[in-house]
Amino acid sequence: MPPPLAVAQQAERAPDKSEAVREYQRILAMCKAGTAPASLRQKDDCGLAAFRLGQQLELLGQLPEAAQAYREVEALSRDVTKVARSLFRAAELYADRIAQPAVAIELCQHIIATHPAEVAAEDALRAMTRWRRDDDTLIPELDQIAKTHAAHVPLASFAWLLSAQRAEDKQQPGEAVRRYDELAKRYPKGPLIDDALVSAAKVLRSQKRYGEAAERLERLQRTFSSALLVGHYNLYLLAEGALLLGQIYLHDMRQPARAIPALLGFLKRQPTSRLADDALLLLAEAAHKRHSPPSPADKAEACRYLSQLYKQYPDTNQRRRADELTQSLACPTP
């Protein structure tokens, strides 16, 4: 480790951070003047020194100075990840603690334009959307980002998702569904396919378009195996989607026979999901309602699901409803 950086990092351990600040400032002065040792330049330690200076200034509560130090990383570092992260940290300080949201938004736009492949660009996009909650020009800008950076799948996916959510906020359900569907169509193997399909289904259900909602959730269940191969699947959303599908078939469409295979498929795929107890209760209700009146086989199947629920999840929050159904079916006492 170069001696100047070693001295600065050693100073970080002291309760008084001012000495560390002075050491990092000394390093940056050498870096900017072109007099830094070759070891500092070769290992990209000039950028690291600016980043660590920003952190130390934050600890001292010198927030404008910290934000400026983070911004200086861009000119001093060759590490694009470090640059993007530093710029985003500066944006967060400007927005949340320095009360300069316009500067924060400009920095986010800069990160998105110059480093679209970095995770910090996705963070910047989400933060910028949050900070521009009442800005009517946001959706066209998100559309442009999605178009310009279509090859950067995570960033473009977030642009579509955030624009759909904004359409929901503006009480435009049809436009929201169109955007969620477009996201699913453009990036069927992307990281937000689950968000798109579940969100579209929820909007459609709220509009009483139950068949269309179920279709999207069925599609989500079919994507499970292929999505696992690329390693970015949101298993909780898969579980939520399966449970929602069962509820739509059972409660909205009055088709309990279709709810059963959907819920059984979920339990087979995710037997340890934290929503498994909810699924077992829905299965018992669906079996009970499969015929009117329920057959002895329907009642026996419902009781089996309830017994499984009691055995596997004795502390379930569905206990009261399970007890009521157990009593009405005259199931054996658990």
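You'll find the structure just up there.
Fair warning: this is a prediction, and the values are worked out from it, not measured in the lab. (Residues numbered from 1 in each chain as written. Predicted model: local features only at pLDDT ≥ 70, side-chain atom pairs only at ≥ 80, totals over all residues. Heavy atoms only, no water.)

**Q** Talk me through the nonpolar core; I want residue IDs and the actual numbers.
**A** Grouped together as the largest cluster of nonpolar side chains are 118 residues, with contacts concentrated most on Y24, I27, F88, L125, W131 and L306. Among the elements that line this core, the one with the most residues is helix α15 (residues 235-252), at ten residues. (Core = buried A, V, L, I, M, F, W, Y, C linked by side-chain atoms within 4.5 Å. Buried < 20%, exposed > 50% of the residue type's maximum accessible area, 1.4 Å probe, protein only. Helix = DSSP H or I, 4+ residues; strand = E, 2+ residues; numbered from the N terminus.)

**Q** Any details on the pattern of salt bridges? Residues and values, ideally.
**A** Inspection of every chain in the model, using the stated rule, returns 26 salt bridges. Note that E141 is salt-bridged to R132, the shortest N-O span being 2.8 Å. R178 serves as the salt-bridge partner of E175, at 2.8 Å between the closest nitrogen and oxygen. Placement of the pair is E175 and R178 together in helix α11 (residues 173-186), with a separation of three residues, close to one helical turn. A relative accessible area of 26% means that E175 is categorised as partly exposed. Salt bridges linked by common partners bring E58, R89, E92 and R97 together as one network. (Salt bridge = Lys/Arg side-chain N within 4 Å of Asp/Glu carboxyl O.)

**Q** Give a description of unusual backbone geometry that names residues and reports values.
**A** P293 follows S292 through a cis peptide bond whose omega is 0°. Locating P293 in the fold gives a position in the loop between α17 (276-289) and α18 (296-312). Its identity as a non-glycine residue notwithstanding, K208 has a phi of 65°, on the positive side. Of note, K208 is situated in the loop between α12 (193-206) and α13 (210-222). By relative accessible area, K208 is classed as exposed at 61%.

**Q** Before we move on, could you go through the environment of S292 and cite the residues and values that matter?
**A** Mapping S292 onto the fold places it in the loop between α17 and α18. Take S292: its relative accessible area is 79%, and that puts it in the exposed class. Taking the C-alpha atoms as reference, S292 lies 82 Å from P3; in sequence the two are 289 residues apart.

**Q** Describe the packing of aromatic side chains, and please don't skip the residues or the numbers.
**A** Counted under the stated rule, the structure contains one aromatic pair. Aromatic pair F51 and Y70: ring centres 5.6 Å apart, planes at 55°, arrangement tilted. In this pair, F51 sits in helix α4 (residues 45-59) while Y70 sits in helix α5 (residues 63-76), placing the two residues 19 residues apart along the sequence. Grouping residues by exposure puts F51 and Y70 together as buried. Above the ring of F158, the side-chain terminus of R126 is found at 4.6 Å from the ring centroid. (Phe/Tyr/Trp six-rings, centres within 6.5 Å; stacked < 30°, edge-to-face > 60°. Lys NZ or Arg CZ within 6 Å of the ring centre and 35° of its normal.)

**Q** An account of the state of the cysteines is requested, with residue identities and associated values reported.
**A** What is meant by a disulfide is a covalent connection between two cysteines, made through their sulfur atoms. Enumeration over the complete set of coordinates arrives at two disulfides. Across the disulfide from C31 sits C46; the S-S distance is 2.1 Å. Looking along the S-S bond of the C31-C46 disulfide, the torsion reads about -85°, which is the left-handed sense. Here C46 lies in helix α4 and C31 lies in helix α2 (residues 18-33), a separation of 15 residues in the sequence. No difference in accessibility class separates C31 from C46, as the two residues are buried. (Disulfide = S-S within 2.5 Å.)

**Q** Report on the side chain of Q56, specifying residues and quantitative values.
**A** One can find Q56 in helix α4. Within the local environment of Q56, its side chain forms a polar contact with the side chain of E12, the two groups lying 3.4 Å apart. Contact partners of Q56, with chain neighbours within four places excluded, come to E12, K17, A20, V21 and Y24. (Polar contact = N/O pair within 3.5 Å; in protein donor to acceptor, adjacent residues only side chain to side chain. Contact = heavy atoms within 4.5 Å.)

Function cannot be inferred from these measures alone, as they are strictly geometric.
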